Amino acid sequence: ETLVASPPRVTAGARPRTAAWVKREADSAFRAAHLLERFESGIWAQQFTCPGDPFRIHYAYRNGAARYIHMLSLQHSVQQAKVLAFTFERMRGAGAAHMTAVVENDPRPLPTVQFTRRLLEESRIEVLPVDQIQ
């Protein structure tokens, strides 16, 4: 059996430091803290922008004002960050709101990463590395 058995299967997962990886890691932290079941998930942006907008924000909850959480990669999710900034601008126009973008830990110091971080921060979106979720 040692010589002819098939090798153990490697479980497929998201590539490290991608948006899917960040979401998986954040979901795991939220689940461990028993928060995931308290969040509303898959919030359609069209309620803040216009009918037909396909973008969805990952999570929302209320703590006084509406609070939203969206996971992305500073390196790999530039377009998604632009959509999030646009959407959050419309959300703030509809009332008090707070947005947190959960991102990968210690992204590489690339111009794309710097651009994405600056875009989010200038849009008043808090940038939180996934390892700082508590």
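Everything below is about the structure printed above this text.
Residues numbered from 1 in each chain as written. Predicted model: local features only at pLDDT ≥ 70, side-chain atom pairs only at ≥ 80, totals over all residues. Heavy atoms only, no water.

1. Points about the environment of Ile125
Thinking step 1. Considering the arrangement of structural elements, one finds Ile125 in the loop between α3 (111–122) and β5 (126–129).
Thinking step 2. The residues touching Ile125, leaving out its near neighbours within four places in the chain, are Leu84, Ala85, Phe88, Met99, Thr100, Ala101 and Leu120. (Helix = DSSP H or I, 4+ residues; strand = E, 2+ residues; numbered from the N terminus. Contact = heavy atoms within 4.5 Å.)

2. Remarks on the pattern of salt bridges
Thinking step 1. Per the counting criterion, the structure on display carries four salt bridges.
Thinking step 2. Here Lys23 ties to Asp27 by a salt bridge, and the two come within 2.8 Å at their closest N and O atoms. Pair noted here: Lys23 and Asp27 are both in helix α1 (residues 19–32), with a separation of four residues, about one helical turn.
Thinking step 3. What makes Asp27 buried here is its relative accessible area of 11%.
Thinking step 4. Taking the shortest distance from any N to any O, the salt bridge between Glu25 and Arg24 comes out at 3.5 Å.
Thinking step 5. The exposure class assigned to Glu25 is partly exposed, which follows from its relative accessible area of 31%. (Salt bridge = Lys/Arg side-chain N within 4 Å of Asp/Glu carboxyl O. Buried < 20%, exposed > 50% of the residue type's maximum accessible area, 1.4 Å probe, protein only.)

3. As for the side chain of Gln75
Thinking step 1. By the secondary structure assignment, Gln75 is in the loop between β3 (65–71) and α2 (78–93).
Thinking step 2. Among residues more than four places away in sequence, those in contact with Gln75 are Glu104, Arg108, Leu110, Thr112 and Val113.

4. Structural notes on the environment of Gln47
Thinking step 1. Along the polypeptide, Gln47 turns up in the loop between β1 (40–44) and β2 (56–63).
Thinking step 2. The exposed category is assigned to Gln47, whose relative accessible area is 55%.
Thinking step 3. Between the C-alpha atoms of Gln47 and Thr87, which are 40 residues apart in sequence, the distance is 9.9 Å.

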